[in-house]
Amino acid sequence: MSPIRILIVEDEVPISRLLETSLTQAGYQCTCAFDGAGCADLLETQRFDLVLLDVMLPGADGFELLPYAREYGAPVIFITARSDVKDRVRGLKLGAEDYITKPFSIEELLARVEVVLRRGHKLASRLVSGDITVDTEARTVLRAGRPVELTAKEFDLLVLFLKNQGIALYRQTLYERVWQDPFEGDTRTVDLHVQRLRRKLGLEGRLVAVYKVGYRLLKEEET
Ligand code: CA
């Protein structure tokens, strides 16, 4: 299972260090941004499971960045000063999952992080491969952070390929698993859905035909 990735956006270096050290020790993979532009750049180029977002930042404030983080599918925990009740309310209304107030205890931080990750089912229901992220419970697909609309059958087919990366799957197997009907030898339905999946997800070079068998999703390292 790939590590849980957390983006820490905090301009006060001692606090950023504290967050990074504590979360790294707890087994999370951390990346730090120190201003609005740095945060936006990282959201655009990398995938995160959670963003810890300070409200007061140079460049852009946390309120501007929050919708941006949500667009990329990352839940947000706000970091606010203890006195800023208005900020906390505003953050929650904008869709933040939770907030922590400065100064905070490490125990509280770790507990809140864990709750938000569990709520988002980040621990169990996510399949990630290349730039594709699938949430099997929410039945959502992101490509490079952007939502992709799939039909129910296309979605089931994609999940089957992601769970069997590198393995050649027979058309008959694909048909019976996804359509849950006996295979009568008509390959067009499977072929059509594979073609559409390739196009929607940019998998032309990766979801390959296997002669006389069916299809195989190449592993990331094979591409
Ligand atoms: Ca700050």
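Parameters and conventions
Residues numbered from 1 in each chain as written. Predicted model: local features only at pLDDT ≥ 70, side-chain atom pairs only at ≥ 80, totals over all residues. Heavy atoms only, no water. Axes fitted to C-alpha atoms, helices over the stretch in contact; angles between N-to-C directions. Helix = DSSP H or I, 4+ residues; strand = E, 2+ residues; numbered from the N terminus. Left-handed = near helix turned anticlockwise from the far one by under 90°. Contact = heavy atoms within 4.5 Å. Nonpolar A, V, L, I, M, F, W, Y, C, P; charged D, E, K, R; others polar. Parallel < 35°, antiparallel > 145°, perpendicular 65-115°, else oblique. Donors = N, O, S within 2.8 Å, 3.2 Å for Na, K, Ca; no water. Buried < 20%, exposed > 50% of the residue type's maximum accessible area, 1.4 Å probe, protein only. Pairing = 2+ DSSP bridges.

Asks: Let's hear about the packing of helix α1 (residues 13-25) against helix α5 (residues 106-119): which residues, and what values?
Replies: Between α1 and α5, the least distance of the axes is 11 Å, while the angle of their chain directions is 65°. Where α1 crosses over α5, the handedness of that crossing is right-handed. Contacts between α1 and α5 involve Leu-18, Leu-19, Ser-22 and Leu-23 on the former and, on the latter, Ile-106, Leu-109, Leu-110 and Val-113. Looking at the contact of α1 with α5, its residues break down into 7 nonpolar, 1 polar and no charged.

Asks: I'd like a description of the packing of helix α2 (residues 36-45) against helix α3 (residues 62-71), backed by residues and values.
Replies: For any two helices packed against each other, the geometry is given by the interaxial angle and the distance between the axes. The geometry of α2 relative to α3 is characterised by a closest axis approach of 10 Å and an angle of 5° between their N-to-C directions. Between α2 and α3, the interaxial angle falls into the category roughly parallel. Touching Gly-36, Cys-39, Ala-40, Leu-43 and Glu-44 of α2 are Leu-65, Tyr-68 and Ala-69, all from α3. Its residues assigned to classes, the contact of α2 with α3 shows 6 nonpolar, 1 polar and 1 charged.

Asks: Please set out the coordination of the calcium ion residue by residue, giving values where relevant.
Replies: Six octahedrally arranged donors around a metal ideally form angles of 90 or 180 degrees; four tetrahedrally arranged donors ideally form angles of 109.5 degrees. Binding of the calcium ion to the protein goes through Asp-11 (OD), Asp-54 (OD) and Met-56 (O), at separations of 2.1 to 2.3 Å. Mapped onto the polypeptide sequence, the residues donating to the calcium ion form the spacing pattern D-x42-D-x1-M. Taken together, the positions of Asp-11 in the loop between β1 (5-9) and α1 and Met-56 in the loop between β3 (50-54) and α3 put the pair 45 residues apart, joining distant regions of the chain. Overall, Met-56 belongs to the exposed group, its relative accessible area being 61%.

Asks: Talk me through unusual backbone geometry; I want residue IDs and the actual numbers.
Replies: The omega angle of the peptide bond from Lys-102 to Pro-103 is -5°, so this bond is cis rather than trans. Structurally, Pro-103 is set in the loop between β5 (98-102) and α5. We note that Arg-139 has phi near 55°; this positive angle belongs to a residue other than glycine. On the secondary structure map, Arg-139 appears in the loop between β7 (132-135) and β8 (140-143). Residue Arg-139 is classed as partly exposed on the basis of its relative accessible area of 42%. For Lys-212, which is not glycine, the phi torsion reads 65° and is therefore positive. Positionally, Lys-212 belongs in the loop between β11 (207-210) and β12 (214-217). Judged by its relative accessible area of 69%, Lys-212 is exposed.

Asks: Describe in detail the sheet that holds β1, supporting the description with residues and values.
Replies: The sheet built from 5 strands is open, its strands ordered β2-β1-β3-β4-β5 with parallel pairing. Every interior strand has two partners, whereas the edge strands, β2 (29-33) and β5, have only one. For this sheet the average axis-to-axis angle between neighbouring strands, irrespective of direction, equals 20°. Note that β1 and β2 share 5 bridges and pair parallel. Across the sheet, Ile-8 pairs through a bridge with Cys-32, a residue of β2. Against the sheet, α5 makes contact with β1, β3, β4 (76-81) and β5, and its axis sits at roughly 170° relative to β5, the strand it touches most.

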